[in-house]
Amino acid sequence: MRAAGSRLKVAAAALALAASLPAAGWNPDQAVEIVVGTSAGSGSDTTGRWIQRWIREKKLVEVPANVLNKPGGGGTIALTYLNQHPGNGHYLMVSSPSLLTN
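An account of the accompanying structure is given in this report. (Residues numbered from 1 in each chain as written. Predicted model: local features only at pLDDT ≥ 70, side-chain atom pairs only at ≥ 80, totals over all residues. Heavy atoms only, no water.)

**Digging into helix H2 (residues 43-57)**
Applied cut-off: Per the convention used, a helix needs a DSSP run of H or I reaching at least four residues, while a strand needs a run of E reaching at least two, with both numbered from the N terminus. Expected helix span is taken as 1.5 Å per residue step, with the number of steps being one fewer than the number of residues. Partly exposed residues are those whose accessible area sits between 20% and 50% of the maximum for their type, while under 20% is buried and over 50% is exposed, using a 1.4 Å probe and protein chains only.
Look at H2: 21 Å from first C-alpha to last across 15 residues, which is about the 21 Å you get at 1.5 Å a residue. Of the residues making up H2, those classed as buried are Ser44, Asp45, Thr47, Gly48, Ile51, Gln52, Trp54 and Ile55.

This is the structure we're talking about:
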C-alpha cells in the first residue's frame, strides 16, 4: 500500500514537471539541478533520481539534469540553497514535508 502511494506521488510530480516545461515556452540553457534535502538513498533521493532518469529517457530537456543532495536541518539547507536562485527554473526541489499531529 505504501509503495503504491509513493509511486502515485512520483507520477504526479513527474506529470506536473512535464506539463510545465512546454507550456512555459522556456527551455533551459544550462544544467538542471534537482535539489534533494536528504542524503543519498532516502525516499526523496529515490524520487529525485527517478525524475532525473525520466527527464533523460523522455528527452524533456536538451541539457543535463543532475541530482544534488543537500541534507540537514529537515530540508532547511536544501531550501536555503534553492532560495539563492530565485526565479531560476534550472533549480527544482524534491520535498517530502513531515506532518505532525497531536
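**Re the packing of aromatic side chains**
Aromatic ring pairs are reported here in terms of the distance separating the ring centres and the angle at which the planes meet. For clarity, the threshold we go by: Ring pairs are drawn from Phe, Tyr and Trp, using the six-membered ring of Trp, whenever the two centres fall within 6.5 Å, and their geometry is named by plane angle: stacked under 30 degrees, edge-to-face over 60, tilted for the rest.
Applying the stated criterion across every chain, the model contains two aromatic pairs. Relative to Trp54, the ring of Trp50 has its centre 6.1 Å away and its plane inclined at 10 degrees; by these criteria the two rings are stacked. With a gap of four residues between them, Trp50 and Trp54 both fall in helix H2, about one helical turn apart. In this structure Trp50 comes out as partly exposed when scored by relative accessible area, which is 28%. For the pair Tyr81 and Tyr91, a centre-to-centre distance of 6.0 Å together with 75 degrees between the ring planes defines the contact as edge-to-face. Here Tyr81 is found in helix H3 (residues 76-83), whereas its partner Tyr91 is found in strand S3 (residues 91-94), with 10 residues between them in sequence. Like Tyr81, the residue Tyr91 is buried in the burial classification.

**Notes on the sheet that holds strand S2 (residues 65-69)**
Operational definition: Criterion used throughout: strands pair if DSSP finds at least two bridges between them. Axis definition: a line fitted to C-alpha atoms, limited for helices to the stretch in contact. Angles are taken between N-to-C directions and run from 0 to 180 degrees. Contacts were defined at the residue level, with two residues in contact if any of their heavy atoms lie within 4.5 Å.
Reading across the sheet, the three strands line up as S2-S1-S3 and stay open at both edges, with parallel pairing between neighbours. The sheet is open, and its two borders are formed by S2 and S3, each paired with just one other strand. Ignoring which end each strand starts from, the neighbouring axes of this sheet average 25 degrees apart. Strand direction decides the pairing type here: strand S1 (residues 32-36) and S3, joined by four bridges, are parallel. In the strand pairing of S3, Val36 is matched with Val94. Strand contacts of H2: S1, S2 and S3, with the helix running at about 170 degrees to S2, the strand carrying the most contacts. H3 rests against S1, S2 and S3 of the sheet, and its axis sits at about 160 degrees to S3.

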